[in-house]
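Descriptive analysis of the structure
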Amino acid sequence: MKPSFAIVGCGRVGNALARYLTEAGYIPAGFASKSLTSAKRAAALTGSFNFTDKAWEATLKADIVFITTPDGTIKEVCDIIAAKKGFRPDSVVLHCSGALTSTILLSAKDCGASIGSMHPLQSFALIEYSHNPFSGIITSVEGDNKATNAAGLIAADLGSGCVTIKTEAKILYHASAVVASNYLATILNLSLNLMREAGVPEDDAFRGLKPLIDGTLSNIGKMGIPDALTGPVARGDIQTIENHLREIGSKTPHLLHLYKVLGLYTVEIAKKKGTLSDTAIEAIKNLFMI
Ligand SMILES: NC(=O)c1ccc[n+]([C@@H]2O[C@H](COP(=O)([O-])OP(=O)(O)OC[C@H]3O[C@@H](n4cnc5c(N)ncnc54)[C@H](OP(=O)(O)O)[C@@H]3O)[C@@H](O)[C@H]2O)c1
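Parameters at a glance
- Residues numbered from 1 in each chain as written.
- Predicted model: local features only at pLDDT ≥ 70, side-chain atom pairs only at ≥ 80, totals over all residues.
- Heavy atoms only, no water.
- Helix = DSSP H or I, 4+ residues; strand = E, 2+ residues; numbered from the N terminus.
- Rg over C-alpha atoms; globule rule 2.2 N^0.38 Å.
- Buried < 20%, exposed > 50% of the residue type's maximum accessible area, 1.4 Å probe, protein only.
- Contact = heavy atoms within 4.5 Å.
- Areas by Shrake-Rupley, 256 points an atom, 1.4 Å probe, with all protein chains shown as cover.
- Salt bridge = Lys/Arg side-chain N within 4 Å of Asp/Glu carboxyl O.
- Near = heavy atom within 4 Å.
- Polar contact = N/O pair within 3.5 Å; in protein donor to acceptor, adjacent residues only side chain to side chain.
- 1 Å grid on protein atoms, 1.4 Å probe; cavity = no way out; pocket = protein on both sides within 12 Å on 5 of 7 lines; lining within 4 Å.
- Sits in = over half its atoms within 2 Å of the grid points.
- Nonpolar A, V, L, I, M, F, W, Y, C, P; charged D, E, K, R; others polar.
- Domains from an automatic or database assignment.
- Points joined across faces, edges and corners; volume = space filled by probe spheres on them.
- Phe/Tyr/Trp six-rings, centres within 6.5 Å; stacked < 30°, edge-to-face > 60°.
- Lys NZ or Arg CZ within 6 Å of the ring centre and 35° of its normal.
- Pairing = 2+ DSSP bridges.

**Topic: the overall build of the chain**
Of regular secondary structure, the chain possesses 13 helices and eight strands. Taking 290 residues into account, the globule formula puts the C-alpha radius of gyration at 19 Å, and the chain, at 24 Å, lies well above it. Taken over the C-alpha atoms alone, the chain extends approximately 70 × 40 × 30 Å along its principal axes. Sorting the 290 residues of the chain into buried and exposed places 40% on the buried side. Sequence-distant contacts in the chain: of pairs separated by 6 or more residues, those separated by 24 or more amount to 59%. Counting only carbon and sulfur atoms, one obtains 59% of the accessible surface of the chain, whose full area is about 15200 Å².

Written as structure tokens, this is what we have:
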């Protein structure tokens, strides 16, 4: 039989865990949130009526406790449950923050529980899903042995792969995830701004750029980043780069700095690709120097 679980903080991640853990055979023990409405909604996803706004009531019967409140309140919520003796000594307490370590759950450890973090590398923007958002992703786990073992099994049952992260490496790990997810949006925004300046409506621009993005991702997956790099920097096309810089500087000067910083970084990738002469590398670098 699979373990029982409780969710404290029934938002986007809490709801996804509630639904897909239940589908994987885990037994819903209780749901708690700041608002009863949120707790009730998560419980309903699992067919359970065990919902409350008192976290320690939801956690007492659970083998696994997920604290999926916003990062800034996880420790406080954990401390309150511990003070109310809401953790079973044989339980595993997990949070899902990418940036924070398991050490913020020390009050649960003081109650005898095992503690860990289990971060699904996924963007949860919805409350309900038409498909399992954990399927095919990577979940990183960190914490004590019992907690990381339990989190690894949970990740597998949810359809995720699993990597173990050292506690001291979590901040860099999270910075990496921010670059891949959030800064991808930033770079796409830069691209769409340039398209708008070129007179292409945003919807058409995105429709046009998406296959380019998908193709690039696919190429990176197949050949790695240096070999997948195409375009004027990789070709050493100095005239085209000069034209870009002149036009961006004249039409959208506020975007020039970001374009140059990204270009400078791209030269380093082109160097690894090995298609540029030393002279071309220096010339392109000089163009991008801020
Ligand atoms: N969203 C993502 O893409 C994502 C991805 C990976 C990991 N995570 C991590 O997952 C965790 C949850 O993020 P989320 O995006 O699911 O947040 P969210 O949608 O904002 O949900 C957080 C939930 O916690 C409830 N809550 C807030 N304070 C509380 C308290 N003191 N006691 C009990 N419940 C409380 C909220 O209130 P109500 O009861 O009022 O609704 C809300 O339902 C975070 O650690 C985050 O870093 C998020």
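Having seen the structure, we can now continue with the description.
**Here's the deal with the pattern of salt bridges**
Summed over the entire model, instances satisfying the criterion amount to 13 salt bridges. Across the pair Lys210 and Asp214 runs a salt bridge whose closest N-O atoms are separated by 2.9 Å. With Lys210 and Asp214 both in helix α8 (residues 202-223) and four residues apart, the pair spans about one turn of that helix. In this structure, Lys285 and Glu268 form a salt bridge, with 3.4 Å as the shortest nitrogen-oxygen distance. Here the residue Lys285 occupies a position in helix α13 (residues 278-288), and Glu268 occupies one in helix α12 (residues 256-273), the gap between them amounting to 17 residues.

**Focus on the site of the ligand**
As a structural note, the neighbourhood of the ligand is formed by 22 residues, with Val13, Ser33, Ser38, Asp71 and Phe124 the closest of them. Ser38 is positioned such that a nitrogen or oxygen atom in its side chain is 2.6 Å from an oxygen atom of the ligand. Judged by the fraction of its atoms near the pocket grid, the ligand is located in the second largest pocket. For the shell around the ligand, the elements supplying multiple residues, two or more each, are α1 (12-23), α4 (71-83) and β6 (114-120). With three residues, α4 is the single largest residue contributor to the shell around the ligand. The class makeup of the residues in the shell around the ligand is eight nonpolar, 11 polar and three charged.

**Quick word on the domain arrangement of the chain**
According to the domain assignment, the chain consists of domain 1 (4-165) and domain 2 (172-288). Taken over C-alpha atoms, the centre of domain 1 sits 39 Å from the centre of domain 2.

**Brief notes about the layout of surface pockets**
Unfilled space is identified by rolling a water-sized probe across the atoms. In this model, the largest pocket occupies a volume close to 2000 Å³. Forming the boundary of the largest pocket are 42 residues, of which Ile187, Thr216, Leu229, Leu262 and Thr266 lie nearest the centre. Sorting the residues of the lining of the largest pocket by element identifies α7 (170-197), α8, α9 (225-228), α10 (232-235), α11 (238-251) and α12 as the ones contributing at least two each. A total of 13 residues in the lining of the largest pocket trace back to one element, the largest contributor, which is α7. In the lining of the largest pocket, the residues fall into 28 nonpolar, 11 polar and three charged.

**A look at empty space enclosed by the protein**
Taken as a whole and judged by the stated rule, the model has one cavity of 30 Å³ or more. For the largest cavity, the calculated volume is near 30 Å³. Taken together, Asn15, Ala16, Arg19, Tyr20, Leu45, Ile127, Glu128 and Tyr129 make up the full set of residues lining the largest cavity. With four residues, α1 is the largest single contributor of residues to the lining of the largest cavity. Each residue belonging to the lining of the largest cavity can be placed in one class, and the counts come to five nonpolar, one polar and two charged.

**Structural notes on the packing of aromatic side chains**
Taken as a whole and judged by the stated rule, the model has four aromatic pairs. For the ring pair Phe124 and Tyr129, a centre distance of 6.2 Å and an interplane angle of 85° mean the geometry is edge-to-face. The pair Phe124 / Tyr129 is uniform in exposure class, with both members buried. Among the aromatic residues, those joined into a cluster by ring pairs are Phe124, Tyr129 and Phe134. The cationic tip of Lys84 hangs over the ring face of Trp56; the distance from NZ or CZ to the ring centre is 4.9 Å.

**Regarding the pairing of strand β4 (residues 64-67)**
Alternating residues of β4 divide into Ile64 and Phe66 and Val65 and Ile67, and every residue in both groups is buried. Direction of pairing for strand β1 (residues 4-8) relative to β4: parallel, over a ladder of four bridges. The residue bridging Ala6 from the neighbouring strand is Val65, located in β4. Here four bridges tie β4 to strand β5 (residues 92-95), and the two strands are oriented parallel to one another. Paired with Ile64 across the bridge in β5 is Val92.

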